[in-house]
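Take a look at the letters that make up each chain.
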Amino acid sequence: MNSRNINYPARLLEEFKASFLKDLRSYVRYPAWMVGEFISTPLWFFFFALGVTLFAPVASQPANGNGLSTGMGYFFFGFVFIILFSTSVWGVGQSVRNEQEAGTLEQFFLAPANRATLILGRWARIFLTDSLIIAYTTVLLYYLGGAVVSVLNPVMFLLGLGLYEVSLIGFGLFMAGLTMRIKAYNSIGNLIFFGYMILTGALFPISVLPRPVLDFAMLLPFTYLNDIMRHAALGTPLILPETLEYVVAILAAVGLMVFGFVAFNRIEHDARVRGSIATS
Amino acid sequence: MQTSTGLRSDIRALAAIFSKGLKHHLRYPGEFLLFLLLPFLFTFLILGMGTAVAGANAASYFAIRTGTTNIVIYEILGGAVWMISWLVVEDVGTAIRDEQIKGTLEQNFLAPVRRFTLLVGLSLTDVVITSLLFLVVVGVSVAVVMPGSILTIIPAFLALLLGLIPLFGIGFLFAGFVVRFKEPYIFTQIVSLVFATLTGTYYPVTFLPYWIQLLSGALPQTYVIEDMRRIVIANQTLVNLYGSLFVLLALALVYPVLGYAVFRRIERRAGVTGEFSKY
């Protein structure tokens, strides 16, 4: 019993590694998707960036001498947040659906492995490829527009990113559970995704939103997570006093993680009872 | 004995394909709803980001570059044409692949119906769907933002109808590529994004480098978006826009012929190599 407990973390690590490698293999097996992702993601950014340029002051000067104007910096980090957020909706959330469609979900759930490792392995693979795409877009931005992306406070930015990723795993677990419950996952996923873009200050400050919508935006955990990361990167003003905002962000991250685990386990248990694990 | 050739049988086949396509769209209303919502969503996002960048002066900076302060209509027109083009490319381009995946392609190709009729039938469904999309997205926006100009949507719609012909030609071309290379969905996304970037969806094409503008000039959406903006925002008539309408007419001849020729070539090759049964 003791040796089992001692080996438990090592076993979890093995499961995680296996899940990560499985997802990576599956990813590189479809090169068209891979190449497509590397082309389409920066294209979304440049396309919208050109649209936003119409509004820029006519003799716009770069801020902080870093080659990227404050407005475009705001937009660039918004683009990063959106890519990362899509991980939880289309990556982690979709993982259960993919196994369902491939007909391998039952085998996986019957294996003596932790359910969360499937999801964490997929998250890790997506985090890796997303980071590559963001890095590649940053380099493209430099070569095409001469703009250098810099982060004012890298330590606080990494802290924010860590909290953000914890939240994404939690939220992704909830979304993964949702795929076992509802058929119209794509429609719900789209709604959540677009809601995130508008309501959490990813692409523009929430102060632009009208009053009742602004109040709702203030209730969303991702609003604060976006806000602290952008503050660390660009020095933009925070919504709340600094200490309070970090406390809120930490609570939001931990809360979302706990909520995600509880929701996933409950939905999975419910689906087992109803026999609907592979049928939603 | 019923004849499988001739105008009457073509019309019957067209009606059947049209009705099947329409049923498909009615059965999955969520997809269409998304196409209806996206132009509004993207316009709102661009407006929000623009306001964040320029604050109270956003409209004046926008006007310096576009010649209008009517940001909503300017962006909605571009967004609507983008969604229409996305829908056409996705529908016409991936229809063959969908049939392949469902295992019904062989039955369709063995039916005594010409391939051209099959592709035109798919396009006819899209004429109805895209018209609906135009009326809801553009009609509602113009009615709310500039009600006095509501009648301008009629000539704008005519410009769109003309632009749909070369767009369907691009769809035929795309259908051929999908048979050859598979992976229609990522292909659709990339092509639609490239179109959006090149055709001035949310900015004038003059914003792009000169050599890219040459590519923009080969795409029908560039002219449709520009003509619609001139008609609705600048109150111009179709007669004033004869130059770009003439180009659209020329593209309407070139793309369907080119698209169909490429499709037939790839299809024949696929018949020889057994490509149709590969997934």
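In this text, all values refer to a predicted model and were calculated from it rather than measured experimentally.

### Describing the packing of helix 2 (residues 29–54) of chain B against helix 6 (residues 115–145) of chain B
All names here are of chain B.
Working step 1: At their nearest, the axes of helix 2 and helix 6 sit 10 Å apart, and the two run at 40° to each other. With respect to their mutual orientation, helix 2 and helix 6 come out oblique. Between helix 2 and helix 6 lies a crossing whose hand is right-handed. Residues Phe32, Phe35, Leu36 and Pro39 of helix 2 pack against Ile129, Leu133, Val136 and Val137 of helix 6.
Working step 2: Partitioning the contact of helix 2 with helix 6 into residue classes produces 8 nonpolar, no polar and no charged.

### Quick look at the confidence of the model for chain B
All names here are of chain B.
Working step 1: Across chain B, the average pLDDT comes to 86, with 96% of residues at 70 or higher.
Working step 2: When pLDDT is averaged over each element of chain B, helix 10 (residues 220–232) comes out on top at 94 and helix 5 (residues 105–110) at the bottom at 79.
Working step 3: The complex prediction reports pTM at 0.81, with the ipTM value standing at 0.80.

### Observations concerning the interface of chain A and chain B
Working step 1: At the junction of the two partners, chain A supplies 31 residues and chain B supplies 29 residues.
Working step 2: For the side of chain A that touches chain B, the elements supplying multiple residues, two or more each, are helix 2 (31–53), helix 3 (70–102) and helix 7 (185–199) of chain A.
Working step 3: By residue number, the principal contributor to the side of chain A that touches chain B is helix 2 of chain A, which donates 13 residues.
Working step 4: Broken down by class, the residue content of the side of chain A that touches chain B amounts to 25 nonpolar, 6 polar and no charged.

### Looking at the nonpolar core
Working step 1: Grouped together as the largest cluster of nonpolar side chains are 136 residues, with contacts concentrated most on A:Leu225, B:Leu77, B:Ala80, B:Val92 and B:Ala175.
Working step 2: The element best represented in this core is helix 4 (residues 71–102) of chain B, accounting for 16 residues.
Working step 3: Setting aside chain neighbours within four positions, we find B:Ala80 in contact with B:Pro39, B:Leu133, B:Phe134, B:Val137 and B:Val138.

The rules behind the values
- Residues numbered from 1 in each chain as written.
- Chains lettered and ligands numbered in written order.
- Predicted model: local features only at pLDDT ≥ 70, side-chain atom pairs only at ≥ 80, totals over all residues.
- Axes fitted to C-alpha atoms, helices over the stretch in contact; angles between N-to-C directions.
- Helix = DSSP H or I, 4+ residues; strand = E, 2+ residues; numbered from the N terminus.
- Parallel < 35°, antiparallel > 145°, perpendicular 65-115°, else oblique.
- Left-handed = near helix turned anticlockwise from the far one by under 90°.
- Contact = placed C-beta atoms within 7 Å.
- Nonpolar A, V, L, I, M, F, W, Y, C, P; charged D, E, K, R; others polar.
- pLDDT = per-residue confidence, 0-100.
- Core = buried A, V, L, I, M, F, W, Y, C linked by C-beta atoms within 7 Å.
- Buried ≥ 20, exposed ≤ 12 C-beta atoms within 10 Å, placed from the backbone.

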